[in-house]
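# Structure at a glance
In case you want the letters, here they are:
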Amino acid sequence: MTRTRIELNGRVAHLILDDPGAKVNTLGAELLAELAGVLGALATDPAVGAVVIRSGKSTGFIAGADLNELGAIAVAPDARERGLAAARLGQALMNTIEDFPKPVVAAVNGACLGGGLELALACHGRAVSSDPSTKLGLPELRFGIVPGFGGTRRLPQLIGLMRGLEGILSSRSWSGRQALKLGLADDYCFPEQLPEVAEALAAKLGDAALHREVLAARRKTLPAWMRLLHLPGLRHLLAMRVRAEVMKKTHGRYPAPLRVIRLVIGHWGGSRDRWLAAEAGALGDTVSTRVAQNLIRLFFLGKDAAKQAGTIPGAAVETVGLVGTGLMGSGIAVALADHAGVRVPLKGTSAKKLGPVLRKVWDYEAKRIKRRQIERVSGLKRFQLLSPGTDYGGFRNAGVVIEAVQESLELKRRIYVELEAILPAAAVIATNTSSLSIDDLATGMAHPERLVGMHFFMPAEVMPLVEVIPGSRSSPEAVAAVVRLALAMDKTPVVVKDTPGFLVNRVLVAYALEAARMVGEGVPASRVDGAATAFGFPMGPVRLVAEVGVDVMREVVRHLQAAYGDRLPAPAWIGREDLARAFTKGRDGKWAVNGDVIAGWTGKPDPGTTSAEIEQRLFAALLDESRRCLLEGVVASAGLLDLAMVYGTGFPPDRGGPIREGESRAPGGGGPAPDSGTS
Amino acid sequence: MAEIVILDGVRTPFVKAGTAAKGLTAQELGRQVLVSLFRKVPVPPAEVDEVILGCVAQPIDATNVARVAAINAGLPLSIPAYTVQRNCSSSMQAVSNAIQMIESGRAEVVVAGGTESLSNAPLIYNPEFTEFFNRLSKAKTLPQRLAVFASFRLGMLNPRIGILEGLTDPTCGMIMGQTAELLARELGITRIQQDDFALASHRKAATAVSRGRFGREIAPLYAPPGFEAIEADNGIRDEATARPLGDLHPVFDRHHGTVTAGNSSQITDGAAALIITTRDRAAAWGIKPLARIVGDAYAGLEPRRMGLGPVVSTAKLLARTGRRMSDFGVVEINEAFAAQVLACLRFFDSDRLSSDRLGLPKAPGPVNPAMLNVNGGAIALGHPVGSTGARLLLTLAHELKERNVESGLATLCVGGGQGAAFALERTAWTQ
């Protein structure tokens, strides 16, 4: 099965990548071997004067390395050796391209990421298209690994040390136009024009040796101050500064970014061979870490989330009604208008309440426009998808209606009755309830099978997780429709059972109550929170109480204790009337915990519990509740549980999730030991 | 011939220019009113054949504001749209166009209305400054450029004020208020009479608001940056706190004039949109139309006395439709100026005046003050020029039902020396 074909146009050979077995092109071992063979033939073919490498797929150029292969390497016992070998294989091909005796031009339309960009970088020139789907970047750090096919050398060489380093560390991608401005691309045109523009570029490049001259010339066009940073003393200062920033963000738990810094700055100006050898070693080292294993695993789990819609076919929904104008409603409105791009008739109880929702979407789009992520017209169009009103006008055509009003059984039931009177027969009602049972809510509905829980997390425009909760009467079609809508909103859906707290809140409360109990025993709140952030949570459990809201937290706890009884005892200080005194909101909007106030309430001295012990207890509570949820079938698999916890609570992704972390803590469990990034 | 109806309609709150709605362009006002219209009226947008909006201060960055508003409101792109302009009666003209399209078989369902943002009426560079820019762009060398800069005079910065010039009739050189002053002088309409009329307008409007009378017409507006909901017309004076009308100085004739800002219509932003269709189509949708359109008429007269436009256009309407003034149970005469409405009332009731000064065979017929502008008029509510006509029709249509009368008249004076008049009626098959 060949993944490439050649089309000869005059003396230009178009090497077209088109894997017949896949939707996107990825660089796996077989394709690399095939390319090596094809290029070998092209090098000596007297009829060929230049090569244009492009994709035959509308999905994009090359989306990256073959992640299945990468995932297999990551979990193998000899992962380090296999990773190094894989890097060497890719690097060899890229070197072949770079050293090719005839001009090689990459014609890029669509996604050109990771190994795909590394291939394009090895080419002597790059032409990119103006299509909005065109994006170039090296996102390997997202998987806990370094770019291993020469990207750490070729990208900074082309666009400058600082921009190249920043690009890799941030995993950002550039549009076609941005690539042109950076010098990453040499030409820019409409997608249909790519083949001829690439040919013209190849003709201009003529002699392959010109490529090196072009590179040298480009380095001169970088702003002077940027070139200053290439000097030895300055660039090592830059390295220190960047390393400090990385450490601050990652607490040293991610070895890959540090390796990237060492590769780019340490080898700057050095020989290709030494640089690539170090890069291959770095890939081997990083792919064999648990971090990489966990991140790759999460990636595949996220992709699998779409399968929860089953094989039930469904038409794309064009109109999604939204009832509710609170904080959640506003966030959901943003996700609907900006990500899903559906029409959103919005219903609120008064015009006054509707204004803030519009404002939130407007400000969100304004920010995206300002950051040049989207065009002004595009931002306006997304905002204009909302139509506010105090009645259900416009709901007539809705395929799905999301109900996000306050947590009142009577109010929600009433709304469903009103909705059923006007909605088309196939329309689904998705409720954002966090504490009511779907079955209870469905009582009194003419068609209870159309009601499904769709639980967003705050802030709804940011948090990727959506818990999808079928009631006992929810139809598979309705569940599938909600899963599909979540995916359209760029969320990750996880189907969970209709039990109190569903999945995430239940586990989170168990964990938070353990934290509260420790504080009740006299452990300073700051130490508890510190242990949690050192573990990798974005914020500690005590501060989380403040961010969620004291009243909300109390209500949630009460609701879960009613369901799970004495398994989740709460310490006395949580029940205090004046609990709010424990928290103050700083001028930056962030909540701070008043440890002294709490200590005054508990009246207990510091028992001297160490951070390690705190972490142990916190994690044990979290894991225990997670395992119960698995046993009770609240969620279908450990993978989905881990996915939900990472995407819904900020559980550190490098640890892979509660179950995964539990496995690795078990004696003799979990694969290779975490790598601290040696050498 | 098909019977043509106003199916239903909405309007935005009418907001004083330079206040809460100043962040909204005419195209944005138009978009919001269209969105609100289709939220309210269960007509599928795909069934609309044309969108016609009146607009006087047409935005330069949204040429054919009707089309821009319709696209942004999410209407299918296959529905064409155009913008019309007949000064103060532009949105009535839009309805007239709708009628003509339907009568000629070119359409069956037309959205007709108006949009106006006088807050955003532009300031324009005066000709000297424009010429300065032209010469500058042609100057290539440094000495040439310096020469151009040396010709700069401070007076070049004086802008042309779009709204002032827009309200001045170039054919007679009079700003609208001066035409009202002319009528006041000729007919001896005093300052006090005008102020009393203005006060009555505000009172009637305030009463209407407190009764919730406009609730069925108004759909809220949301303006950036704050997006606080604008739910009510904000031009209505609160008698208790507003400066007494008598304190105001005349604006258009500083020496001995009688027309002030208080007894004139206000400069306002607002939009309105109606669905014009046939009786049969309404029945097919199962919706009872608001009112049937009896007829429309436009007439010209001398620009200096444009304020009497309602008289000549009503006379023409009566002649064409065979109706009489006594048939009407409710009358709307747009309150461009108190003096102008009062002048009209005299002419409506005087054969001598109508024949001597307007060449009409006779006066149209007296207007009963009890049925005139019963919910207040432009003096209290404001006059977003491109939208007023549609608003008058919407308010009139609802008022027929409110008072349980059979028919009503809406008429406007139009800058440039014209008048527009519409008659509506209720039947067994309307609301």
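What comes next concerns the included structure. (Residues numbered from 1 in each chain as written. Chains lettered and ligands numbered in written order. Predicted model: local features only at pLDDT ≥ 70, side-chain atom pairs only at ≥ 80, totals over all residues. Heavy atoms only, no water.)

### Side note on the layout of surface pockets
Residues and elements named next belong to chain A. Operational definition: Points on a 1 Å grid, built from protein atoms alone, make a cavity when a 1.4 Å probe fits but cannot get out and make a pocket when they are open with protein on both sides within 12 Å along at least 5 of 7 lines; residues with an atom within 4 Å of a point are the lining residues. Grid points are joined across faces, edges and corners, and a volume is the space filled by probe spheres set on the points. Elements are defined by DSSP. Helices are runs of H or I of four residues or more, strands are runs of E of two residues or more, and each kind is numbered from the N terminus. Residues are grouped as follows: Ala, Val, Leu, Ile, Met, Phe, Trp, Tyr, Cys and Pro are nonpolar; Asp, Glu, Lys and Arg are charged; every other residue, Gly included, is polar.
Empty space within the second largest pocket amounts to approximately 1,700 Å³. Contributing to the lining of the second largest pocket are 50 residues, with M328, F457, M458, V548 and V552 lying nearest its centre. Secondary-structure elements contributing two or more residues to the lining of the second largest pocket are α15 (327–340), α16 (351–370), α18 (409–422), β18 (451–456), α21 (504–520), α23 (541–548), α24 (550–564) and α27 (638–649). For the lining of the second largest pocket, a count of residues per class yields 26 nonpolar, 15 polar and nine charged.

### So, the interface of chain B and chain A
Put simply, the rule reads: Contacts: residue pairs with any heavy atoms within 4.5 Å of one another. Values labelled buried area give the accessible surface lost by two parts on being combined, using a 1.4 Å probe and summing over both. Salt-bridge detection follows one rule: a side-chain nitrogen of Lys or Arg within 4 Å of a carboxyl oxygen of Asp or Glu. In the analysis that follows, any N or O atom pair within 3.5 Å is treated as a polar contact, provided that within protein one partner can donate a hydrogen and the other can accept it, and provided that, for residues neighboring in sequence, both atoms belong to side chains.
The interface is formed by 16 residues belonging to chain B together with 24 residues belonging to chain A. Both faces combined, the contact of chain B with chain A buries some 1,500 Å², and carbon together with sulfur accounts for 52% of it. Considering only the side of chain B, the residues that lose the most area to chain A are R39, Y222 and F227 of chain B, jointly responsible for 50% of the buried surface there. For the pair chain B and chain A, the interface holds one salt bridge. Close ionic contact of D391 of chain A with R39 of chain B constitutes a salt bridge, the shortest N to O distance being 3.3 Å. Our count for the chain B to chain A interface comes out at five residue pairs in polar contact (both at pLDDT 80 or more). For the side of chain B that touches chain A, the secondary structure elements donating two or more residues are α1 (26–40) and α2 (65–72) of chain B. A breakdown of the residues in the side of chain B that touches chain A according to their chemical character gives nine nonpolar, three polar and four charged.

### Some points on empty space enclosed by the protein
Residues and elements named next belong to chain A. Per the stated rule, a full pass over the model turns up five cavities of 30 Å³ or more. Within this model, the largest cavity holds a volume of roughly 150 Å³. What lines the largest cavity is a set of 15 residues, and nearest its centre among them are A512, A516, V545, M553 and I574. Counting residues per element, the ones that place at least two in the lining of the largest cavity are α21, α23 and α24.

### Here we look at the side chain of Q32 of chain B
Residues and elements named next belong to chain B. Convention followed: Whether a residue is buried, partly exposed or exposed follows from its accessible area with a 1.4 Å probe, protein chains only, as a fraction of its type maximum: under 20%, in between, or over 50%, in that order.
Here Q32 lies in helix α1. Note on Q32: relative accessible area 8%, which makes it buried. A polar side-chain atom of Q32 sits 2.8 Å from the main-chain carbonyl oxygen of Y222. Residue contacts for Q32: discarding those within four places in its chain leaves L24, P220, L221 and Y222.

### What about the sheet that holds strand β8 (residues 111–113) of chain A?
All names here are of chain A. Definition in use: Paired strands, as defined in this entry, are two strands with at least two bridges between them according to DSSP. Orientation is described by lines fitted to C-alpha atoms, with helices fitted over the stretch in contact, and by angles between N-to-C directions that extend from 0 to 180 degrees.
Ordered by their spatial adjacency, four strands build an open sheet running β5-β8-β10-β11, and the pairing between neighbours is mixed. Strand pairing shows two members of the sheet lacking a second neighbour, β5 (60–62) and β11 (173–175), which therefore form its edges. In this sheet, adjacent strand axes meet at a mean angle of 20° when their direction is disregarded. In the sheet, β8 pairs with strand β10 (residues 135–137) via three bridges, with the strands oriented parallel. Paired with A111 across the strands is K135, a residue of β10.

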